[in-house]
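The chain contents come next:
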Amino acid sequence: MSSQDLPGQPHIAYRGNELFSEEMRLSDLAKQHGTPLFVYSKSAMLSALAAYQRGFAGRKVQICYALKANPALGVIQVFAQAGCGFDIVSGGDMDRVLAAGGQADKIIFSGVGKTRAEMRRALAAGVGCFNVESEAELEVLSDVALSMGLRAPVSIRVNPNVDPQTHPYISTGLKSSKFGVAHERVVPTYQRAAKLAGVRVVGIDCHIGSQITQEEPYLDAIDRMLDLVEAIEAAGIPIQHIDFGGGLGINYNGDTPPSADDLWKKLLARLDTRGFGKRQLMIEPGRSLVGNAGVCVTEVLYLKPGEQKNFCVIDAAMNDLPRPALYQAFHQIVPLSPRPDTPATWDVVGPICESGDWIGHERALAVQPGDLLAVLSAGAYCMSMASNYNSRGRAAEILVDGKQSHVIRQRESIADQMRGETLPPCGRTSGSSA
Ligand code: LLP
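Residues numbered from 1 in each chain as written. Predicted model: local features only at pLDDT ≥ 70, side-chain atom pairs only at ≥ 80, totals over all residues. Heavy atoms only, no water.

Undergrad: Outline the side chain of Glu 137, supporting the account with residue identities and numerical values.
TA: Considering the arrangement of structural elements, one finds Glu 137 in helix 6 (residues 135–147). What makes Glu 137 buried here is its relative accessible area of 6%. Excluding anything up to four places from it in sequence, Glu 137 contacts Gly 111, Val 112, Lys 114, Met 119, Asn 131 and Val 132. (Helix = DSSP H or I, 4+ residues; strand = E, 2+ residues; numbered from the N terminus. Buried < 20%, exposed > 50% of the residue type's maximum accessible area, 1.4 Å probe, protein only. Contact = heavy atoms within 4.5 Å.)

Put into structure tokens, the structure is as follows:
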């Protein structure tokens, strides 16, 4: 059987005229489970993780999967079993990690607006570190921990003021962003932390943005972080671990991010040169571990050729795949069984009542109603940002493992959607005269 890989899509390939994820024919999964359907390859996730593990070979490192990229329990379990820690941003994220078998002491709690209730729960569970984003949060965390007779392990998220050269909505390390403590406030914030009875300084962290495809922003950020570590330690506050934040960008459309193993070898050389090579290191990759492991399988509902544009209406929409509408993001769209016909140019759109509901503009496709398409690179920030807009249930999710497939999330029913809603009693509204 001939196999043809799609560029940038490990573990997804045509065999003959059929698209497969690992050993599973995607059209069989669509027949069995319906569409839209997210399908993730376990071995693609593990091989993405392996690139980081190779890059860090022989070093003290904790790789913490950022579950905002894809918080499905079945995905978390893959990384927990591979020894990963987790980067979380809410109490809900923490519950997911614990439910999927992750260890509390390998959790990093990030986020700019943790509530007291979330802090209390995370302290009770024994999370490994709170990445604190402001002086105000530091004081509150110290109070909460003291009220429980505990000291919270903290790292201050520094804002290194580095331009990651990515989409402005996913760029987080610039001075103008809401994240982290400004460079010039970092040492005073650590000095404050060292005096607070309810916190214990354990590390430093930064995160400059997501979908970064160049090396320079990382190299700049690492230098700035190390300058800060030197200044903090000169003030008498030891830093045990250095956390470099999120991971690399992925190939959506011919993007050429550095590979994790290459980049980390360079970054580690920089750490060695500056005498920090033996420190405990942490990273929080999300997208690069799951993005290209996943596809969204969707059916063509209608073709609407027009004078100015041709529309190909599919059964997946911006509620399932929000990245094009939010960031004008590009996802490749390919047929599950390519037709030999000459392609036409289509705007691939969903059924939602908004012009912003598009998945791909001007795509060359030979399609007919009833055909199945795969939207690629859909493993990260798709289901995690999916909504019920237009009362659409969220899609089912499948984890493929070689010749086996497992439903890791059932398709959401309308009963699931309406659970928790109630109708107020009917009758005259008080105060109305009609
Ligand atoms: N750590 C922190 C503190 C973060 O804020 C993020 C992502 C990560 C780690 C993981 O970064 P990654 O390895 O995935 O690049 N919804 C957007 C992406 C938002 C990313 C937010 N922070 C998208 O669909 O492109």
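The discussion continues.
Undergrad: Quick rundown of the packing of aromatic side chains? Include the residues and the values.
TA: Scanning the model with the defined rule gives six aromatic pairs in all. Clustering of aromatic rings is evident, with ring pairs tying together Phe 56, Phe 244 and Trp 264. One cation-aromatic arrangement involves Lys 114 over Phe 109; the distance from NZ or CZ to the ring centre is 5.7 Å. In this arrangement the basic side chain of Arg 363 is found over the ring face of Phe 330, its NZ or CZ atom lying 3.9 Å from the centre. (Phe/Tyr/Trp six-rings, centres within 6.5 Å; stacked < 30°, edge-to-face > 60°. Lys NZ or Arg CZ within 6 Å of the ring centre and 35° of its normal.)

Undergrad: Residues and numbers for the packing of helix 2 (residues 42–55) against helix 3 (residues 73–81), please.
TA: Remark: helix 2 packs on helix 3, axes separated minimally by 11 Å, with the N-to-C direction vectors making an angle of 45°. When the axes of helix 2 and helix 3 are compared, the pair comes out oblique. For the pair helix 2 and helix 3, the sense of crossing is right-handed. Taken together, the residues of helix 3 that come into contact with helix 2 (itself represented by Lys 42, Met 45, Leu 46 and Leu 49) are Val 75, Val 78 and Phe 79. Partitioning the contact of helix 2 with helix 3 into residue classes produces six nonpolar, no polar and one charged. (Axes fitted to C-alpha atoms, helices over the stretch in contact; angles between N-to-C directions. Parallel < 35°, antiparallel > 145°, perpendicular 65-115°, else oblique. Left-handed = near helix turned anticlockwise from the far one by under 90°. Nonpolar A, V, L, I, M, F, W, Y, C, P; charged D, E, K, R; others polar.)

Undergrad: Quick one: what's the story with unusual backbone geometry, residue by residue and with numbers?
TA: The omega torsion across Thr 35 and Pro 36 is -10°, close enough to zero to call that bond cis. Even without a glycine there, the phi angle at Gln 328 is positive, about 50°. Mapped onto the elements of the fold, Gln 328 is located in the loop between helix 11 (323–327) and strand 17 (333–335).

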